[in-house]
Amino acid sequence: MLTDLIALVPLFPLLAALLIALYALPGRPRGDAAERLTARGALFAVTLAFALLAALIVSALIFGPLKPVNFGTWFAAGAIEIRLSFVLDGLSLTAALGVAVIGWLTLFFSAQYMHREPGFHRFFAVLCLFLAAMLFIVLAGNAVLMFIGWELSGLASFLLIGYAHERATATRNAVRAFVTNRIGDAGFLLGLAIAYRYLGNTEWITIAAGAGAISHLAVGVVVFGFVVAAMAKSAQLPFTPWIARALEGPTPSSAIFYGSLMIHAGVYLCLRLEPLLAHAPVIMGLLAAIGLLTALYGWFVGLTQSDVKSALIFGTITQVGLMFLWIGLGAFDLAAWHLGLHAMFRAYQFLAAPSYMHHTGTPARPVPRWLGRRQALYTAALERLWVEAFTDATVTRPAQVLAAEMRSFDDQVVSRLAGTPAEQHAPEDEAASKGVQDDVRGHGLAGAILEWIAPRLHRVEQRLLLTGGAGVQRTFRALGGYLEVVERLLERPRYLILIIVIALAAAL
Amino acid sequence: MSHAADNVTDPREILRRIVATLEHVLPAQASIRDFVHHNTLHGFQHLPFPEALAGARRLTGASAWLPEARFRDFFHAGRILEEDLQTSLSAVSMLAADEVIVDQPAFTLRRRDVYRTALLHPLRPVTAATLAWQVTEHEALTHFQADVSREMQQLLRERTRRQGAANVHATIEDLWRACCESIGVSPELSDDSISGPAPPDTGHDEAGALWQTRLIRKEAMRLLDALTARVGDPWTLRDLLMVLTGEDIFEQTREHLIRHVASHLDEGLAAWHNPARKRGFYTAWRASAGDENTWALSDLPEWRQHLERLPEDPLETIAQELQLLGVKPVRWAGYLQRLALELPGWSGMFLWRHQRPDYNGQRDVPVNMIDYLAVRLVLERIHAQGLCRRHWRMEASLPMLRWHFRRHPAELIVRHALFTTSLPEALHWQAQKRVMRALASAREENDRRWIATAQRILTHRAPVTDAASPRRSRHEHAWPLFRLAQHLGLTGSEIRSLDTAAINAIFECFDRLDPDTAGNVWLCAYEGNYRDQIFATLKANHGRVEWPTQIRPRAQLVFCMDDREEGMRRHVEEVAPDIQTLGAAGFFGVAMNWRGLDDLSSAALCPVVVTPAHAISEVPAPGKELSQQLHQRRLDWRRRLRELAHRTSHRGLLGATATTVLGAPLALLVLMGRLLAPRSTGHLVRKLLMTFDPCVSTRVAFKAVDAATPATPEHPRAGFTDAEQAERVRGLLRTMGLTSRFAPLVVLLGHGSSSENNPHLAAYDCGACSGRHGGPNARVFAAMANRPEIRVRLAEQGLSIPYDTWFIGAEHNTGDDSILWYDEDLVPEEARARATELKMILARAGRAHAQERCRRFATASPRLSPERAVRHVAGRVHDLSQARPELGHVTNACAIIGRRDVTRGAFFDRRAFLVSYDPMQDPEGDILENILLAVGPVGAGISLEYYFSTVNNERLGCSTKVMHNITGFLGVQEGTSSDLRTGLPQQMIEIHEAMRLLIVIEADTGVISRLIERQPSLRELIGNGWVQVAAKDPRSSRIDVFSPEHGWQNWQKEIEAPPVVARSADWFTRHREALPPALLEQGRPGEHANVD
């Protein structure tokens, strides 16, 4: 069957990525011939994928819609089953064709543009990996398979933001983008888990069919999870900042990831969820609101951008925001058309970004006067509405503090209780703390008494420890450690509040 | 630059002077649309070349020599010969190459021998660990070093065999022992060579502890003084805090600063700028900063009070902030300089605009360097404050830091060790824990823990401080000596026979040959090799070709002096030997503000140092006003569409949606076309344009309507008066020595380049026209020279041009080697046929030239026919993905000023600027003076920019194009928040051979000497060795070289004459690399053209 060949579509670029990696990583090939080999290999793989897709589309046009393909079960445990299935409806096939065409053109562009770059082969391997990931996303017959593509594309994006790994800014931004996207992953996993719980599997067909059958709450949670994932991937508020930081890689990778393909993955996911979304009106409303807000945000911030790539990315964010708005309003077809055409246009625009200056030499039309005069608004736009600083202050830093506390709790309580060896205490620490004992100084009568008592108590303690042996010593030390931790935790107001709450709860 | 503070007490005056000195250290690159090649280290031009490069390295840390390994490759590839190296060593007097350091009956050793070995083989000291590795991995102490030549190995074997050494092992081992003994170290490698001797036992008793505490205090005070002394030069507070906390406050300020600076300098990319922009950067920033929420969100203390306390005047702000930071006024200059150098690109652009208040259309945006420095300083203090509060709960200022660390010496030692050196892991964790704990605790802790850690650190470091004494060591001294001996073929007993003075002298040789001196020696040798080839060619070519006096050339073609035109001229002469070619600076003496028919504003077409006093515009030809109106309407349409596609599509909401959605299919088509079939797409687009919007025939309005108004740079007058026109025509013709034997056709060819997707487009255009196309200058010149009135005036001045001579202006596209002809409809009837024939000749030469150019393109097949080659280059300029549309001035290496007879018939591989000049018509050197004043800076600017961008592309160039992001229409960034990158991209310099421009002048040495003495700018350029100068005697083949130290020296090397080949193609076909010069049989002047 022709439709069975669909599995090869994402596998070809994946294979190309693998081969290039194997070819380039160990031997470090040099020279123009090696470059040609890599570029041709990559182009050939995507050409094959394209040809298959074209054949499938032609057959769909002639023989009517194609049925989904299932290659069997990849994994099954009890009620949970993960199938290797692909969906071949109009949406997925056209989207895949779009990915193949834009991807092919970008590869072709890069073959020349990246000539003699030290990272040439690395770039091509990652780009092929990314294309395979995108094809997985659009062709996957179920959410788990899509999740694999989802993660691979995130990885590829991370690798190419940090393409110039000798520049600290590039690597820092790569990490930032990667971490932000993990929040989306959490949403995706939530969606997956709930979908399994209520529907038994995550085939898009099952989801579509089962949408009406399960509780509204379950639908809501599933959709919510997927929507969070979609928003993170498509850089909707409040996730937007990562994408503006992602433009550190070579121009063609910026074009394909953030201008053209990956940013639309979230929109595509929402299109897939159409049947579910229909049962979650609140989430639809949320989508519309966030889409609109993001569109306005992109427009507003875009006005102050003074470099081409940033100006283009905020334009892109605006349009993707509008797509979410269409989805929120129920206009799925409109969103799909918008997506496809927008991707094509941005691919061209990002690839031609270096000539922006020669296409538009004149100064930009200034903003309307009423807006232009507002100092505070201008500052807000220039600083991108402080979204990043705000999330840093409200999420990142508290999370870091919490993590540090958890760690110290782990070190000092959990590992001791569990009996795992704690962090080595350096001998100097003990030497330093021993010194303290001689330093008890008091004033007045009470002081004198204290001074007199202290060494004696110390002697008692010493004796106790020396005669008591290792057991007592350990006990004391552990006790001291716990007390220290408890004291330190109690210093933090949030734990105090927690304790009060618990106490209240217990009292009630 | 602390001299700025000398005997001036007014802080404002001090600051003003400081800003003036910044010009010496910051890049002075113009906005990228007006890219003009200039000396990257222009601020050091007052120094001799090697000193300047060493100075730049000291200041910025950027090496400006090619890596020595590259030079060694050149040596092994024969691009640098032994004698080149020897000559070069002799030329540096400081090296005293001929001094004998060992004079024994058995052998003599000159400094030269040591230098040579050190240049050819790295003799640098190694670390103890490297030595140990060498010994175990390569058995270095019993085997020859891998890079010792076979002959030397044999020689050394022979000699030691005679002395009784059994085998190679014994020879080498004995040599190693001898080397170690001669510097007084033990030859045995024990384990301590890696880890150092065991730390001294400091004991745990009272006395020991006291001693330790004292040691810590002493060490800390020494360190504190050393660290704080650096603040101002070469450090700022940022660097000090980085050493103490490991945190970089600049990283926190950078994005904020760049956003504001980019928005302030933006030339129209953004739609929205700071409403207070017109009141200067400082005021605008302050207006914005009040609304800033980042600092509040990131827990920066006191930022609001800080802002409120800022004075209105940026000068006062700088003074106040510096005082609050505790920087002494004598250090202000250094401090601000360092601050500016943190973002050299942006600072440089700010300064560049600061110095040009009238800069193109941005007059209402004041740009003042003081503003920039003030903002930078305020940001530094706000963030430093945050950091100091967090770590020490105190103000950010030098005195406070000093006060703190005087009380907590151990803390200083721990912090410094943790953040500047690599400590063993356990120690590292311990130190880090100290710092974390200090951060977490809210009160001042006692020092006990710090002291304990500091003690461990000091104990750990003990052997290191010990090694700092001048004692010699195996890895730093014996090893280089050991390697040197092998390369020189010295035996162990010979080494033992050296006395201390000789050993010291050898080590002194190593010291003298520091990286900068070594770089200089290598560079001179490299240049010398190429120079000899050029001289040999010129000598061999002398008198070989001479234009026969009785023959009138078929045509005279005046090209730009550009090195890229050397090839074109050669091919024209090969195709049609009866054509004479000439070279002149590509603005052809017509400095003007030009406004083409479709231009929105006028632009200066002349070298940057000139400010034009005349404005010339292109107007529709008489009778074409109607079609002009149509054209204008269509043009407006096209502009609107373009604006829609490129700008509206990313701005606005639904409008952008409509544009992107409607434009998408077209965009995809264009993308495919521009990538898959760039040439056909380019042609198709042009054809479509022509159909939609046919060309309007135009004229240049170059005649002054109102001759009475004076022409000044401030108020350029429209058009030239008759007198001015005659003066310009005469000027150029005289400069080139074209005063008689005019051909029926004289064509002036300006040049420019076209390409897609190339921010550095202007860098490929004509340097003599401020990085623009030179065609209009050629056109205006031709129009002036064709006027009978002007001819009459010229005849009155003794320059008679025959009535049948017709001038034509044209433009050579160096990208695809096509030629655009101007005002063809004006060519008189009788000259038409000749003009048509000439066009064919030039088209054919263009094809041959394209073929020659293709040999350097990796993507072009090495065996392209001329026809296919021209298709290839045409494809390149239309290709959206092409990062190397052409190669620009790459490989430029020399300039030859003189008659064409000197260079005609020789192949210079497109590496020579050719300037026409007839010394016979200029006995006093007045013409030469003007030529040198124009050509010197232009040629040197191009050559030096290529040089520096090549030798250190990461620091002095702008790195690879693939990451570039256009910013504010004024430059490129890497990513979205990097420094502005100046210099040339990687793609432009890959095949460049980094050497200084060799200017060969056909003139008497006396004349040239006089000019160098008279003109300060030439004295600086030539006297300081930024270019090399040689003189070719006009009457004989004698060549003299000018040396800044020794004056003129006759060049008398016996060098093989260059090969003679039939045509250029025979020489370059199938060669991809740079080629040495050759002589050509074809192209003897006067023969008839062979036009198919």
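About the cut-offs
- Residues numbered from 1 in each chain as written.
- Chains lettered and ligands numbered in written order.
- Predicted model: local features only at pLDDT ≥ 70, side-chain atom pairs only at ≥ 80, totals over all residues.
- Heavy atoms only, no water.
- Contact = heavy atoms within 4.5 Å.
- Salt bridge = Lys/Arg side-chain N within 4 Å of Asp/Glu carboxyl O.
- Polar contact = N/O pair within 3.5 Å; in protein donor to acceptor, adjacent residues only side chain to side chain.
- Helix = DSSP H or I, 4+ residues; strand = E, 2+ residues; numbered from the N terminus.
- Nonpolar A, V, L, I, M, F, W, Y, C, P; charged D, E, K, R; others polar.
- pLDDT = per-residue confidence, 0-100.
- Axes fitted to C-alpha atoms, helices over the stretch in contact; angles between N-to-C directions.
- Parallel < 35°, antiparallel > 145°, perpendicular 65-115°, else oblique.
- Left-handed = near helix turned anticlockwise from the far one by under 90°.
- Phe/Tyr/Trp six-rings, centres within 6.5 Å; stacked < 30°, edge-to-face > 60°.
- Buried < 20%, exposed > 50% of the residue type's maximum accessible area, 1.4 Å probe, protein only.
- Lys NZ or Arg CZ within 6 Å of the ring centre and 35° of its normal.

Asks: Just give me the short version of the interface of chain B and chain A, but keep the residues and values in it.
Replies: Each partner contributes to the interface: chain B provides 94 residues, whereas chain A provides 92 residues. In this structure, the connection of chain B to chain A is made through five salt bridges. Note that A:Arg245 and B:Glu255 form a salt bridge whose closest N and O atoms lie 3.0 Å from each other. If you look at where chain B meets chain A, you find 41 residue pairs in polar contact (both at pLDDT 80 or more). The greatest single-element share of the side of chain B that touches chain A, amounting to 16 residues, is contributed by helix α30 (residues 654–676) of chain B. The residue makeup of the side of chain B that touches chain A, split by class, is 36 nonpolar, 34 polar and 24 charged.

Asks: Give me the confidence of the model for chain A: which residues, what numbers.
Replies: Of all residues in chain A, 89% attain a pLDDT of 70 or more, and the chain-wide mean is 85. Low pLDDT, under 50, characterises residues 422–439 of chain A; the predicted model gives this stretch 17 contacts beyond four residues in sequence or across chains.

Asks: Tell me about the packing of helix α38 (residues 926–951) of chain B against helix α42 (residues 1016–1023) of chain B, and please be specific about residues and values.
Replies: Residue and element names in this part refer to chain B. It is the contact of α38 with α42, at a shortest axis distance of 10 Å, that shows an interaxial angle of 40 degrees. Between α38 and α42, the angle is such that the two are oblique. For the pair α38 and α42, the crossing hand works out as left-handed. Residue-level inspection shows Leu-932, Leu-933, Gly-936, Pro-937 and Ala-940 of α38 in contact with α42, the latter providing Ser-1017, Leu-1018 and Leu-1021. Within the contact of α38 with α42, the residues separate by chemical class into six nonpolar, two polar and no charged.

Asks: Could you give an account of the confidence of the model for chain B, naming the residues involved and the relevant values?
Replies: Residue and element names in this part refer to chain B. Summary statistics for chain B give a mean pLDDT of 87 and a share of 95% for residues scoring 70 or more. Throughout residues 191–203 the model reports pLDDT below 50, and contacts reaching past four residues in sequence, or to other chains, amount to 13 contacts. In this model, residues 463–469 is a region of pLDDT below 50 whose contacts with residues beyond four sequence positions or in other chains number three contacts. Both confidence scores are given for the complex: pTM 0.90, ipTM 0.91.

Asks: An account of the packing of aromatic side chains is needed here, citing residue identities and associated values.
Replies: One pass over the full model with this rule turns up 40 aromatic pairs over all chains. Each ring, one from B:Phe49 and one from B:Phe948, has its centre 6.4 Å from the other, and the planes form 35 degrees; the classification is tilted. Residue B:Phe49 is found in helix α2 (residues 49–60), and its partner B:Phe948 is found in helix α38; the two are separated by 899 residues along the sequence. Each of the two residues, B:Phe49 as well as B:Phe948, counts as buried. With a centroid separation of 4.5 Å and 5 degrees between ring planes, the pair formed by B:Phe74 and B:Tyr526 is classed as stacked. Of the two residues, B:Phe74 is situated in helix α3 (residues 68–76) and B:Tyr526 in helix α27 (residues 515–541); the sequence distance between them amounts to 452 residues. Neither residue differs from the other here; B:Phe74 and B:Tyr526 are each classed as buried. Through a chain of ring-to-ring contacts, three or more aromatic side chains come together here, namely A:Phe147, A:Trp150, A:Phe188, A:Trp204 and A:Phe226. Residue placement shows B:Arg634 over the ring face of B:Phe692; its charged tip is 4.9 Å from the ring centre.

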